[in-house]
Structures are given as structure tokens and as C-alpha cells.
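# Notes for the structure review
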There are 2 protein chains.
Amino acid sequence: RFLTSAQTTRDDGKKSRDFQQVHCGATPTEEMNGAGNLMDFLDEPFPDVGTYEDFHTIDWLREKSRDTDRHRKITSKSKESIWELIKSLLDAWSGWVVMLLIGLLSGTLAGVIDLAVDWMTDLKEGVCLSAFWYSHEQCCWTSNETTFDDRDKCPQWQKWAELMTGHTEGAGVYVLNYFLYILWALLFSFLAVSLVRVFAPYACGSGIPEIKTILSGFIIRGYLGKWTLLIKTVTLVLAVSSGLSLGKEGPLVHVACCCGNLFCSLFSKYSKNEGKRREVSYYFPLKTLWRSFFAALVAAFTLRSINPFGNSRLVLFYVEYHTPWYMAELVPFILLGVFGGLWGTLFIRANIAWCRRRKTTQLGKYPVLEVIAVTGITAVLAYPNPYTRRSTSELISELFNDCGSLESSQLCDYINNPNMSRPVDDIPDRPAGPGVYNALWQLALALIFKIVITIFTFGMKIPSGLFIPSMAVGAIAGRIVGIAVEQMAYHHHDWIIFKNWCRPGADCVTPGLYAMVGAAACLGGVTRMTVSLVVIMFELTGGLEYIVPLMAAAVTSKWVADAFGKEGIYESHIQLNGYPYLDVRDEFTHRTLATDVMRPRRNDPPLAVLTQDTTTVEDVETLIKDTDYNGFPVVVSRESERLIGFVQRRDLTLAIKNARQKQDGVVSSSVVYFTEDAPQLPASNPQPLKLRRILNLSPFTVTDHTPMETVVDIFRKLGLRQCLVTRSGRLLGIITKKDVLRHMAQMMNQDPESIMFN
Amino acid sequence: RFLTSAQTTRDDGKKSRDFQQVHCGATPTEEMNGAGNLMDFLDEPFPDVGTYEDFHTIDWLREKSRDTDRHRKITSKSKESIWELIKSLLDAWSGWVVMLLIGLLSGTLAGVIDLAVDWMTDLKEGVCLSAFWYSHEQCCWTSNETTFDDRDKCPQWQKWAELMTGHTEGAGVYVLNYFLYILWALLFSFLAVSLVRVFAPYACGSGIPEIKTILSGFIIRGYLGKWTLLIKTVTLVLAVSSGLSLGKEGPLVHVACCCGNLFCSLFSKYSKNEGKRREVSYYFPLKTLWRSFFAALVAAFTLRSINPFGNSRLVLFYVEYHTPWYMAELVPFILLGVFGGLWGTLFIRANIAWCRRRKTTQLGKYPVLEVIAVTGITAVLAYPNPYTRRSTSELISELFNDCGSLESSQLCDYINNPNMSRPVDDIPDRPAGPGVYNALWQLALALIFKIVITIFTFGMKIPSGLFIPSMAVGAIAGRIVGIAVEQMAYHHHDWIIFKNWCRPGADCVTPGLYAMVGAAACLGGVTRMTVSLVVIMFELTGGLEYIVPLMAAAVTSKWVADAFGKEGIYESHIQLNGYPYLDVRDEFTHRTLATDVMRPRRNDPPLAVLTQDTTTVEDVETLIKDTDYNGFPVVVSRESERLIGFVQRRDLTLAIKNARQKQDGVVSSSVVYFTEDAPQLPASNPQPLKLRRILNLSPFTVTDHTPMETVVDIFRKLGLRQCLVTRSGRLLGIITKKDVLRHMAQMMNQDPESIMFN
């Protein structure tokens, strides 16, 4: 049963590739033709009308119209009886119920994943003797013998080698621990990649590019399915615990979307309307904002009651600095921004190049081997360096931290002035001790390691997020810069730049703040999610005080990165995979016209059209057999070429099949007509077939002189699938979303054939 | 000079009313017709092409296209020389420069207004002897003789009666102070209304409805002008200081918009493009978000350096509560939400009814008298009650406040248990003393007074905002409920509902929190600005802790108010004034079709059209003289009615005038043609006139069967001015934005003639 379900999904995926050449979209019509009285008749015989095929784009206008109809029906029925009124109230509230359920489930999953990751990450190094399901931290919390200084050391927690050999020191012990660490990592990652391969191939990657595409109105069946939800949750834990350079934030978004899809299927309002189910398209309606806010709140409360971070706080890295920042510090902050932008550019280019190689060469055929190899290399290189051995989020947390007087970490090994006794919170700048210099070297090595390995990790066939590795790169670089500035300010406080704000004995530089700024810059460079970034960092710091440094770095990083290429990592992956995503941010500024883009091109065969009252059933069937367009324009006659409407392939097929079975006298030579009244035919002719009810009488048209800039805007804002091109009322051609995307790719000097879906 | 400037504005306004019957929009064409090589020629002879008339709607698609052209030109020129490159860089940065300037100026103005309001509000009661420009608070700050308990009393600050008579007590002194208070109030409000009347009639009201309309693409010349800026700033101070029940938040938005417009005129990028100047239309581009954020930041820093609130904080009401809230408290919070919703509905209905009466009866002719009368009534009723005598923001601040052990105000007159000595921050619930009961009565009276007077105040011909009065109503109601719950919990802590969370001696109810929740609910009920509300309240509280109470109240209030009518106060005023504003939130769910809305209606004369090559110059001139449409469709011939384009009235007039003056052989009987090649004419005919360059070859069309739902969506999302209606390529009619708005009004059972502008 497992296998079948997953296989089906995969087959759909493969099948869809065969549809690549389809270039015509189609608009179903029942709601748009104003023939409301025919709707009931229509609902019955064509149960499939209105659904989309896999890997097709949805028509937003039509989905909206369908929802209005549904709403209208419920409202009018609700006046009939109490029962119908209750049903209408339930319908109105279903959105909130779905939000509540999503919040509860995704909050729970996030908490469970956090706890599981903590436990399994520590399992690579050792085990808690008092309760094997405790992580290192939980194990030593419950221990009574731990002093404040040695929070991490308690007798209950034993490393594997200690447990096996009884020794805690020596080269042999180290090697054994090293070996077991690698072994656990390989085991976790092998399990992860195998589960993904076998049960839910869609569970790999971060899922953000696909979700962006799906939300913009694209169908990928199974991508947000139950199996994907289950397998992604499990494999995410395994992948993060294996110590690979990846994060869990992106995949968590995918998991939450799967929850949403799951609960949507409980309510016909959402399950039957692809537009309503997405609800957030390019534009975010106010109502949706409230609901998202509500869902986020429920999730946050659920998460807090699980309390995975053990500090009653909802944020991953809680920071509190005691020193304000100074104007002059903007210079290093902006430099960190430049670094973030360069890192973003490097990462995107290198990662895309590697992913393209994976797609096009033999490499892509051995995903399990690839994951195993990368895990092995990561584990081998990571273990010797204390800053890469631990989990990346712990590393970031330490880098963000301000060195209080009680900190015992290597990074806080400053030489204290014994004569000074100040309150705990206000420690002046001090000279760095040997521990700090040691840490600097290790951090520099960790930086290079993270930069290189992340490029190869992101995009493998396991769940993998980018937030944490990107932030780690930035935080390491930021902390190094921060310590450098701090030491410079201490040793050279007579320099002009330091004179004004950094007198001797003052606490003027906070290296932790630099780490945070660096993290924001690197995250911004990679994702370009500038707005979300500011919100995230607001959450982290909780004040206006540090928004200026963060913003300065994030904006610089965005500018630097944009100078090398406008696309963030997610957009680049969307392009690499050829998804039909019309980015609102891409400004189209070329002077091409609709006539340059429309099909048929010069030398192409003429457009496949139907006439309003001269085509026969046989003609239609031939046309359907010979072409694979999704729909056909209907014109008055081939001579006048005046457009009267558009008919969808799917509806046409169903209508004719139905008529042949149920309607007497419909034969191959019957004339199909789309007009209100039957055409005047000789008495000898067979009975004609009226198909006006499936005709969309309001197809979208533009003239051939319309600038493509306007056409792109129309496609984007109205969510069209296709648009007909006319001149003085004559039909000239058709432009589909795919044509628009191809044209945009071409204008940006990219391969137009990279746009694959319709 | 003053008079002329203001008069001109007014005249424009009056003139525009005569244009009410104009129902055709028009789209200029230079960028859309693909005739780029003609552009230079076009730029010269018609300098007015591309500008809009006062009280007209702009065409977003066209403005966007114009900006793309400008940008393209600059980019291509920038490769020619260093100077052009620098110019192009300056152009790219001008947006940020404008933001910086806006931030600086509006931050400064906000600070100055705050300081001036503080001083003038206190001036009504007395004066600072040591320095007359000090407000009461500043005066006593600098005094050495003030103890902490008597912060408000210092010898330097003297009430007017004390200064005049030397006495501080007695009925005569009270009456004299009362009388002078009223006199000052009348003086301030008279000055305010006179300044508005004489110099800048657009400076009245909150300005939010008009700004919403202007941002959605409407021209009101002078509304955001220099004079409006100056006069609104001055009169806002006067109006707020006069003690009227109005706030300064709404007018400050108008002031900031004026700043924006002022600085936009420095850069041709913005001053010459109505779309670019607005930039924020219905959709908020990411780039704009960043820039707004930047401007807000600059403004915040400017404001902080002025420090008008004297507490280094950027928020008006800084609150800090020490007690969490309990689930059971959601019941009173939701009740406050219901109150807020009811207040919102009552206020909107009563205020709109009063404003309609003002517009339609004699009342509207005596604005100065009205203001004087309302100020007089307000001052007479407000002075005796200490909660209405002081400024409303001080009142709100006190109501939000948690009663610490050091508070000396009447509201904090609780009976302390002498045996308990607890830390300052953790005071248990205590029984209320006589002061609290006294305060409750006064607050109840203040509540009724505020509710009634605000209805008559908002909409008078002075700058007036709604935030503060609305919040005051909510805060008073909330505090009363809060004290009631607190006392109930103290005296009946054995009741089941209190048993779980409120043991004796615990601090379980914070009346200040109730006040805040009430304020949010009332603000939400009146404005329905739910999102902004959450952000504002986030700012106020700075934590997730109180978001649930706030959200519960705000959502309840919105639901209750929405049940009585979807429009907030601003939308209601937009409707009352007949502005052409297409609200994104209004869902259009009726089943009408384009054919039901388009002009000409049945029995109307046929649509005024031009033919592509048979109309003469004289025909065109007659058409322009006889009709007042803003533009005319061009068809192949009157028989075929096939549409080829759209030409704007303004362009047509200019082109013909120009041709008659400069082009030889163009006479009344010359044929005007819009085709590429001149028509075949007998040799005896005068030289024809080619006007293809002013023809818009890509007018927007829909079919007559298109549902109005879709048409409304298209108008909204693409920002169209008009749309042509066709059937099978034949032109049937035209739908303008005004027709859409009228149709929507009709469908909502409102008077369609209330939509006045085009």
C-alpha cells in the first residue's frame, strides 16, 4: 500500500513531462456564460467539469467566480430552513476551524521535531544513562550533581566510548567516539534518503520553490499530500540530526502547508476550489491575513506548551544586549552586508550550477550514494572542530551571545581586570585571552567548511532548509569581525574613530550583535526575503534599537546581491525546474508587443479554431485527436474570423461523449453549433448538437498592438491561463501563460525551453 | 498672493462639479501605439499630452508604461557619457532621497506639533512664570521645589486667576478660570476655522478619505499642496489645543502626505508621473515597503531627538503590566469588543447622518459659527469634570496605567493593607477607596459626553482626527469594566469563575489592560483598520502576551460592526462625498453582465465614435463641441463597427488645433485618418490629416457577456479608466470607472447619482 501510493505520485510526475509540448490553456465555462439555468443540468452529466489535470495552471478568475456562485447558492438556500441556515453558518466559519486545526497540528509537529532533533543530535555523541530518551541538556538538567559552571558535564550523560571502554581520555577513546559519530550520521542520512526515495519523493528539498509555484496557481498532485507530510516530518528529523549542513525552517513551511491541505480536504468549500484553497495568491487579502495570524498564534501557543527550547520563549535565539550601538559601527555592519551579498551570489551561482550538473549528468542517478558521501565528508570534517561538531543552531546561539561575567565558553575567554568590580551586566571592553584567539582560528576554519559544504548539501534528495546554514555563515563572519573591532577599540582607543564613543573602561562593542547582523545579511543575500527578514529580526530582538544595524546590513546585502542577479535562491530553483511562476518582482521593461509573442508564429500552421455553426461532430473529434491544445477559440466563420468564445478541450470531449451516448440522432455528421438558435440546415441533415453551455462567452482578449508589459501585468494580476489576440475584432492568435514565461526567459537571455509546464 | 493661491484651488474644485456629467474616460496613447519613432515629434508640439485634468481618474497601466519608457531612455542614455551615467544613478537614488527628506520633515513636524499642543493646551489654564513657552509639565520639571508626590504643583506655574487676583481658592477664582478656559478655547478654534476657510479649504477634516481616493488614482489639485501643508499644521495645533474632541493622528497622515508631494515635485521622475508619485496603489510593492520603512525610521529618529513625550520612548502610551491575563478574562474582553462594535456602528451612522444634514441644509453655510458653537459647548461641559478638562491623550495615558504603589491619582485610591509589604511591582488586588468610586462616576459622565460630542465634532471645517477620541471612549469603558471585574474578584473570590485564578492576596486583574483592550475595540469598530490596529497595539505592548486579548476584542468588534454595515468611517465618508474609490474589500457578488452596465443604454443615442478614414476635421470639431466625453472609440466603418482603437478628447483637440496652425492644406473638409496609409481620395479633396500617432491601438475590451464581477476585478486590479464592450468584434458600448461605481452603488441599494466624479 505504501509503495503504490508513492509510485502513483511519481508516475503522475513522469506523465506530466510528456505534456510539455501542450501550449494552449483552456478556461472552463459554466459560470461565465451567464447560462445559470443550465447549471444543474451541467452539474449532473459532467462531474469532471471544473477540475484541473496534474501539472496544469489554474484560472484564478474562474475559481473566484465559482466560489461566488457557491456562496450565492448557500446564502439563498439559508433563508429556506433552519438547517440550511446552520449549514451556511458552518460554511462561513469553516475557514477559522481550518486555521485552528492547522495551528494545532503544525505547532505540535514543530515541537515534536525540535525535541526529536535535540535528542538524536546528542545521540551521535552519547547517551543519557538515567533515561535514554533525554537529550544531553535535559539529562544534565535533572542531575543534582551539576554545578552552574559545568552545566554540560554530569555523570548521567556518557559518551559512547566511555560507556564501552570505561575510559574518558586518550587517543583511542577519541577515535572511537569520532568513528561512532560518523556511523550514526551515516545511518541517519541513509534512513532519510531511503524513506524519501521509497515513500514520498516530493518530501525532498526545502519545498519553498514548489510551494511558491503551487500558491501562484499550479497543480502538483500529492505534493502537499498526507504521505509527504508524514515522510517529510520523519526524514527532516533524521536529516537534521545527521549533522548535515541544513536547517529545518524551510521544510517546516512545507510540513505546515501539508497540514493546511490535509484540513482543507475536510471542507468542500476548500477541497473543491483550487483558488479558494490557495487563498493567498500574489495578493494577500485582509481576511487571509487575520486568519494566518490566528493560525500562527495557535501554533505559537501549542509550541509554547510543548516548550522545546526549554526557556518558555518562542524564539530560537533569544538575545539581550546591554550596550547601544554607535554611528561609526555602521561601517563594519555595512561591510558585513557586502559580505552577505557576496555570499548570497556565490552560493546561488554555485548551488544552481551543481544542481544543474546533478540534473543533466550521471550524478543525479545515485541520490542515495550522493547523500551518503556528503554526510561522510561532513561528519569527518566536522567532528574535530568543536564549532562544527555541535548542532548549527547551538553554534548560532553561542555566536549571538553577549559575553557576561558568568560565561565559561572559549569565546568569552577575556582577560579580566581584577581591580574592577562592576555589575554583571556592564562589563567594559577587555583584552582577548588565548581562548578567544584559539576560537577565532577554529571559527575561520568552520566558516570555510560551512560555505563549501552547504553548496553541495542544498538540493540533495532529503529535506533541507537554508536558513540555519546561511545564518551560521553570517554569524561566524560577524563574530570574527565583531571581535576584531572590539580588540581594535580596546588597544587603540586613541584613534579618531574610537575617541568619541569608546573611552577606556567603557563597554562599547558587542561582538554578539555583529554576529546577528552578519546572520541577517547572509540570510538576506541568499533568500532576498527582505520583508520577512525584518520581521524575523524584530522577533529576535524585540526592539527598534537594533533595527538600523540590521536594516543597513540587510539592504546592503540585497543591493550587492541584486547587482549580480535579481533572483534569490528560491526563484533560481523555480527557474531551474521550469515551474510556471510569474514573479511579481520581475519587472518586464522590454518594448515587445503581443503580436511578437502570440501563436501561431509566422510559418506555423493556422490556429486550430471551431466555427460557431458549421463544424461537425466528426471535425471536432478529429481536431481533438490531432492536437493536444487545452482549448479552442470559436469564431463566426473561417472567413470573418470574428471571435465569439472559447471552449475547453476537456469539456468538449465530455460533452460529445455524453451526447453520443444519451442524445438520439447525434452522429458523426451532426453539426455542432454554439449559437443560441440552431442553424438553418437542409431537412436531410442529422440532428445538430447544441454546445453553447460549454462555451465561454467572455474570453480575455487583447489587441496585437498591446505592449507585452501590459500583457504580463494582466496575466500576473488577473491570474489568467491564456489570452486571445485580436485586431479590429479578428482573431489572430493566442498567448498562454507558458508563452509569456518563455518570452520573459528569452528576453532575459535564458533558454525559453527551460519553461516546462503549462 | 495668499488669497489667489487658495482661491484658485477652490475655483478648480467648483469647476469640476460642472464636469459631473462627463462619463467617458480616455487613454493617451503615445507609449502604447508602438510608434516609438514618432515620439520626439509628439513631445514637442503637444506639451500637455499626458497630463490629467483636475478631478479626473488616472490610468495606471498608462502611467506604468510611461515610467518604463522614461527608465528605458535613461538606461540607454547612461551608456553614452559619464554625465548621463551619473544622472541615471541620481535618478535611481532619488526615491531614497525623497524618503529621507519626507522622514526628516514629517518627524520634525510631528515633534513640533506635539510640543506646541502641549504648551497651548496648558495655556488655557495658566502660564509658566519662569518661561512662558514652557508647558505645565516642563515648567515643574525645571522647578527645584517640587517633591515627587506633587509633581504637578510648583510655584512657577500659575493659573490665570491666581496670576490676576493673587488667590488660589474660592468660587470666584474657579469661575474666572472656567471663563478664561472657555475664552481661550473659543479663540483657538476661531483662529483654526478662519485660517482653514481663508487660506486652505482642503486642510479641514482628517484627510484620510481623500488620501485613500488620491492614492487609488484620482487627481485633486492642491489637496497635497504647500499651503495645505502649512495651514493644516498650524490649524491642527489650534484645533487640538482648543479642547475639542478630536485627535491629531489622521491629520498628521495628511501632513506627511503633503510632505511627500512637496519633495516629489523636486524630482521629475515623480512630479511628471501620477502613477509613480502614488506608487502605493491597491497593492504595495516590496520596494515601496522598504522605502516606507526607511522613511518611518528616519521620522522616528527625528521625533526621538525632539523627544516631545519627554520619556525617550517613541510610543504615545507606554504601558507595562506585571500580571498575565487569564482565560476567564476573555469574557469581559469580548464584551468590550461588542461594545466597540456597537460604538463604531452608532458613531458611523450618527456622524454620517449629521454630515449629510450639514451638506444638504443651511447648516453647511455657517462653518465658523458651527465650530464656535461646538467649541463653546465642549468647553462648558468639559471643564467641571477633571477627566474631560485635561487633554484626551493624557486621559488615555492615565486610564492605561497600572496602579503602582506610588501612584497618587484618584483612580489609584485603593485601600492598602498596612500589614502587607510587597515589592513595588507586585501589588495584590485591593478594595477600592472612595476616590475610585468618585472617579467611576466622573468617568461614566465623561464617557457619555465623549460619545455625543465626537459625533458632532468629526467632519467640521477644521483638521480633526478620530483615533484619540475613539480610543478615549474605549479606554473609559474598558477601565470601568476593569475596575468592576477587579472589585468583583476581590470581594467574591470564592465564586467558581474566580476560584481558579484569583486567590486572596493575588494580583489577578489589571484594569489598565481592560482600558487598552477597550480602546483597541472602539478604534477597530470605527475604522475597521484591523491590520494596522494589531501593529499599533504590538507597538504599544511590545509582546505576544497581550495580543490574544487585543485580537479577541478587535475581531469581535469588527464582526459586530460588520454585521450592521461593512463600511468603516473613512469608506462612509468616501461614499458620502462621492469619490471614485473602488474598495478592494467590497466583494461584488451579483450576477449582472457587462451588457447591463455599458453605455449607451437602451433608448440612448448611439455611441459617439470616429471612423478610421471617413471623418472630416469639421465632423471631429462638431463632435468635440457637441459632446463632453473624454474620448472616442475609433472603428473601421459605421457599418462594420469593428473597433481599431481609442482616442482621447484632449489629444484630438490639441492635434487638430496644431495641424490647422502649422500644417498647410488642412481645412475643415480635410479627411482625418487613423490608418497607416492615407485613404484613396479624389484629387480634388484637400490634403488629409494623419492622426495615427494619437490613437491608442490597444484599448481594453471585454465582451458583453462578461460578468460584472470580472469587470470589477479588472478595473480594480489594472486601475483602468474605461473599458470598451464588444461582441464578436463589433463595438457595442463603453464602461467607465464611474459606471462601475454607479452600478455597485445601485446593487447595494444606494443612490447611484451619489458617485460624482469621473
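Nothing here was measured: the structure is a model prediction, and the numbers come from that model. Along every chain, residues carry numbers that run from 1 in the direction the sequence is written. For this description, chains carry letters from A and ligands carry numbers from 1, given in the order in which they are written. The predicted origin of the model limits local features to residues at a pLDDT of at least 70 and limits the giving and counting of side-chain atom pairs to 80 or more, whereas totals for whole chains, interfaces and linings rest on all residues. Calculation of side-chain values draws on the structure's entire complement of heavy atoms; hydrogens and water are dropped beforehand.

## Observations regarding the overall build of chain A
A helix here means a DSSP run of H or I that spans at least four residues, while a strand means a run of E at least two residues long, and both kinds are numbered starting from the N terminus. For chain A, the count of helices and strands is 29 helices and eleven strands. Each residue gets one of three labels from its accessible area relative to the maximum for its type: buried under 20%, exposed over 50%, partly exposed in between, using a 1.4 Å probe on protein chains only. Of all 758 residues assigned to chain A, the portion counted as buried reaches 57%. The protein chains shown are the only cover counted for residues, whose accessible areas, like all others here, come from Shrake-Rupley with a 1.4 Å probe. For chain A, the accessible area works out to roughly 32700 Å², and carbon and sulfur atoms hold 60% of it.

## Looking at the sheet that holds strand 11 (residues 730–736) of chain A
All names here are of chain A. Overall, mixed pairing links the three strands, which are arranged 9-10-11 in an open sheet. Unpaired on one side and paired on the other, strand 9 (701–703) and strand 11 mark the two borders of the sheet. Ignoring strand direction, the axes of neighbouring strands in this sheet form an average angle of 35°. If DSSP finds at least two bridges between two strands, the strands pair. Examined bridge by bridge, strand 9 and strand 10 (residues 722–727) share three bridges and lie parallel to one another. Within strand 10, the residue paired with T701 across the bridge is L724. Contacts between residues were defined by any pair of non-hydrogen atoms, one from each residue, lying within 4.5 Å. Interaxial angle, 0 to 180 degrees, is taken between N-to-C directions of lines fitted to C-alpha atoms, where a helix line uses only the stretch in contact. Here helix 28 (residues 708–718) sits on the sheet in contact with strand 9, strand 10 and strand 11, set at roughly 60° to strand 11.

## A few points about helix 19 (residues 467–491) of chain A
Under the 1.5 Å per step criterion, the end-to-end length of helix 19 of chain A is 36 Å for 25 residues, consistent within 8% with the ideal 36 Å. Within helix 19 of chain A, 19 of the 25 residues are buried, which leaves it mostly tucked inside the rest of the structure. Expected helix span is taken as 1.5 Å per residue step, with the number of steps being one fewer than the number of residues.

## Quick notes on the pairing of strand 10 of chain A
All names here are of chain A. Along strand 10, five of the six residues are buried, which leaves the element largely enclosed by surrounding structure. Clockwise travel from the first strand over the helix to the second, with the strands pointing away from the viewer, marks a crossover as right-handed. After leaving strand 9, the chain enters helix 28 and then returns to the sheet as strand 10, a path that is right-handed. As defined by bridge partners, strand 10 adjoins strand 11 across six bridges and the pair is classed as antiparallel. The partner of L724 across the bridge, within strand 11, is I734. Between strand 10 and strand 11, which pair antiparallel and follow one another directly, the connecting turn spans two residues, one of which, S728, has a positive phi of 45°.

## Notes on the packing of aromatic side chains
Any pair of Phe, Tyr and Trp rings, taking the six-membered ring for Trp, is counted once the centres come within 6.5 Å. Such a pair is stacked with planes under 30 degrees apart, edge-to-face with planes over 60 apart, and tilted for the rest. Summed over the entire model, instances satisfying the criterion amount to 33 aromatic pairs over all chains. Between W184(B) and F188(B) the ring centres are 5.6 Å apart and the planes differ by 45°, which places this aromatic pair in the tilted class. Of this pair, W184(B) and F188(B) are both found in helix 7 (residues 171–199), four residues apart, which corresponds to roughly one turn of the helix. Put simply, the rings of W119(A), F132(A), W133(A) and Y134(A) touch in pairs and so form one group of aromatic residues. Lysine and arginine charges are scored as sitting over a ring when NZ or CZ, respectively, is within 6 Å of the ring centre and within 35 degrees of the ring normal. A cation over an aromatic ring shows up here: R389(A) above the ring of Y383(A), its NZ or CZ 4.0 Å from the ring centre.

## A word on unusual backbone geometry
Residues and elements named next belong to chain A. Looking along the chain, the bond that leaves R599 and enters P600 is cis, with omega of -5°. Looking at the secondary structure, you find P600 in the loop between helix 25 (594–597) and strand 3 (610–611). At S728, a position not held by glycine, the phi torsion is positive, near 45°.

## Brief notes about the environment of E274(A)
All names here are of chain A. Note that E274 resides in helix 12 (residues 274–278). The class for E274 is buried, based on a relative accessible area of 16%. Spatially, the C-alpha atoms of E274 and G217 are 7.8 Å apart, while their sequence positions differ by 57 residues. Dropping the residues within four chain positions of it, E274 is found in contact with Y52, I58, E63 and I219.

## Some words on the state of the cysteines
All names here are of chain A. Only a pair of cysteine sulfur atoms within 2.5 Å qualifies as a disulfide here. For the structure shown, the criterion picks out two disulfides over all chains. Between the sulfur atoms of C128 and its disulfide mate C139 the distance is 2.0 Å. Taking the sign of the torsion about the S-S bond as the criterion, the disulfide between C128 and C139, at about 80°, is right-handed. A residue pair is termed long-range when its members are at least 10 positions apart, and C128 in strand 1 (residues 126–128) and C139 in helix 5 (residues 136–141) qualify at eleven residues. Distance from the sulfur of C258, which forms no disulfide, to the nearest cysteine sulfur (C259) is 7.0 Å. With relative accessibility at 1%, the residue C258 sits in the buried group.

## Re the sheet that holds strand 3 (residues 610–611) of chain B
Residues and elements named next belong to chain B. Taken together, the four strands give an open sheet; going across it, the order is 3-4-5-8, and neighbouring strands pair in mixed fashion. The strands lining the two open edges of the sheet, one partner per strand, are strand 3 and strand 8 (695–696). Pairing of strand 5 (residues 643–648) with strand 8 involves two bridges; the strand directions are antiparallel. Note on strand 8: the bridge partner recorded for F646 is N696. Running over the sheet, helix 27 (residues 649–662) touches strand 3, strand 4 (631–635) and strand 5 and is turned about 75° from strand 5.

## Notes on the pattern of salt bridges
All names here are of chain A. A pair is scored as a salt bridge if a Lys or Arg side-chain nitrogen falls within 4 Å of a carboxyl oxygen belonging to Asp or Glu. Applying the stated criterion across every chain yields a total of 38 salt bridges over all chains. K159 serves as the salt-bridge partner of E125, at 3.9 Å between the closest nitrogen and oxygen. Taken together, the positions of E125 in the loop between helix 4 (82–123) and strand 1 and K159 in strand 2 (residues 157–159) put the pair 34 residues apart, joining distant regions of the chain. Sharing partners across several salt bridges, the network here consists of D67, R70 and D91.

## Quick notes on the confidence of the model for chain A
This prediction gives chain A a mean pLDDT of 80; 83% of its residues lie at or above 70. What pLDDT expresses is the predictor's confidence in each residue, scored from 0 to 100. Counting interchain partners and residues more than four positions distant, the pLDDT-below-50 stretch residues 1–48 of chain A has 106 contacts.

## Some thoughts on the packing of helix 14 (residues 330–360) of chain A against helix 24 (residues 569–577) of chain A
All names here are of chain A. Between helix 14 and helix 24, whose axes approach to 10 Å, the crossing angle comes to 25°. By the angle class used here, helix 14 and helix 24 are roughly parallel. The handedness of the crossing between helix 14 and helix 24 is right-handed. Of the residues in helix 24, those touching helix 14 at F347, I348, N351, I352, C355, R356 and K359 are I569, S572, H573, L576 and N577. In what follows, roughly perpendicular refers to angles from 65 to 115 degrees, roughly parallel to angles under 35, roughly antiparallel to angles over 145, and oblique to any angle outside these ranges. Note: crossing handedness is left-handed where the near helix turns anticlockwise from the far helix by less than a right angle, and right-handed where it turns clockwise.

## Notes on the packing of helix 7 (residues 171–199) of chain A against helix 9 (residues 226–241) of chain A
All names here are of chain A. Interaxial distance between helix 7 and helix 9 falls to 8 Å at its minimum, and their mutual angle equals 155°. It follows from the interaxial angle that helix 7 and helix 9 lie roughly antiparallel. The way helix 7 lies across helix 9 gives a crossing that is left-handed. Across from F188, L191, A192, L195, V196 and F199 in helix 7, the residues of helix 9 making contact are I231, V234, T235, L238, A239 and S241.

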